[in-house]
Amino acid sequence: MKNVPLLDEIADAMPYELYRELNGGISIVPQHKYHPVARNNDLYILGEYKRDLIGNSIVFYYGSIARVYGNLPRDEFYKKMEHILHHEVRHHNEYLAGTDDLEFWDDEQILKYLEKNRG
């Protein structure tokens, strides 16, 4: 997982206040993860915001990220990693604020995927 320092760099560049109550931190795991509705193993989960008994955390799935973005030049890969972290941090902050706007957006994206991949 050669891009772990890259994730640290991206996370350190964001305001610390956005991580309040993210007591499980940010981790990166080596496996890939398919979305439960993936039709042909073509819909990967790149990152997840998790809330459980341990706490609130963000998990990056390096295997998924490598399969989707692994061939990009470093600067483009950096932007994709940054986008994933911003997305998951927004989930966290919306949870703290009691809103679900991004969750609704994610659901709309899944519906679009399902419509496109009927059959």
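Thresholds, definitions, all that
- Residues numbered from 1 in each chain as written.
- Predicted model: local features only at pLDDT ≥ 70, side-chain atom pairs only at ≥ 80, totals over all residues.
- Heavy atoms only, no water.
- Salt bridge = Lys/Arg side-chain N within 4 Å of Asp/Glu carboxyl O.
- Helix = DSSP H or I, 4+ residues; strand = E, 2+ residues; numbered from the N terminus.
- Buried < 20%, exposed > 50% of the residue type's maximum accessible area, 1.4 Å probe, protein only.
- Phe/Tyr/Trp six-rings, centres within 6.5 Å; stacked < 30°, edge-to-face > 60°.

Caption draft 1: Up close: the pattern of salt bridges. Here the structure, examined in full by the defined rule, presents three salt bridges. The partner of E9 in a salt bridge is R74, and the shortest N-O contact between them spans 3.7 Å. Highlighted residues: E9 in helix α1 (residues 4-13) and R74 in helix α3 (residues 74-97), separated in sequence by 65 residues. Take E9: its relative accessible area is 41%, and that puts it in the partly exposed class. Here K33 ties to E48 by a salt bridge, and the two come within 3.1 Å at their closest N and O atoms. Placement of the pair is K33 in the loop between β1 (25-29) and β2 (47-52) and E48 in strand β2, with a sequence separation of 15 residues. With a relative accessible area of 28%, K33 lands in the partly exposed category. With relative accessibility at 19%, the residue E48 sits in the buried group.

Caption draft 2: Highlighting the packing of aromatic side chains. Taken as a whole, this structure holds two aromatic pairs when the rule is applied. Ring centres 6.3 Å apart and planes at 50 degrees place the aromatic pair Y49 and Y95 in the tilted group. Here Y49 is found in strand β2, whereas its partner Y95 is found in helix α3, with 46 residues between them in sequence. For Y49, a relative accessible area of 14% translates into the label buried. Of the residues examined, Y95 reaches a relative accessible area of 40% and is grouped as partly exposed.

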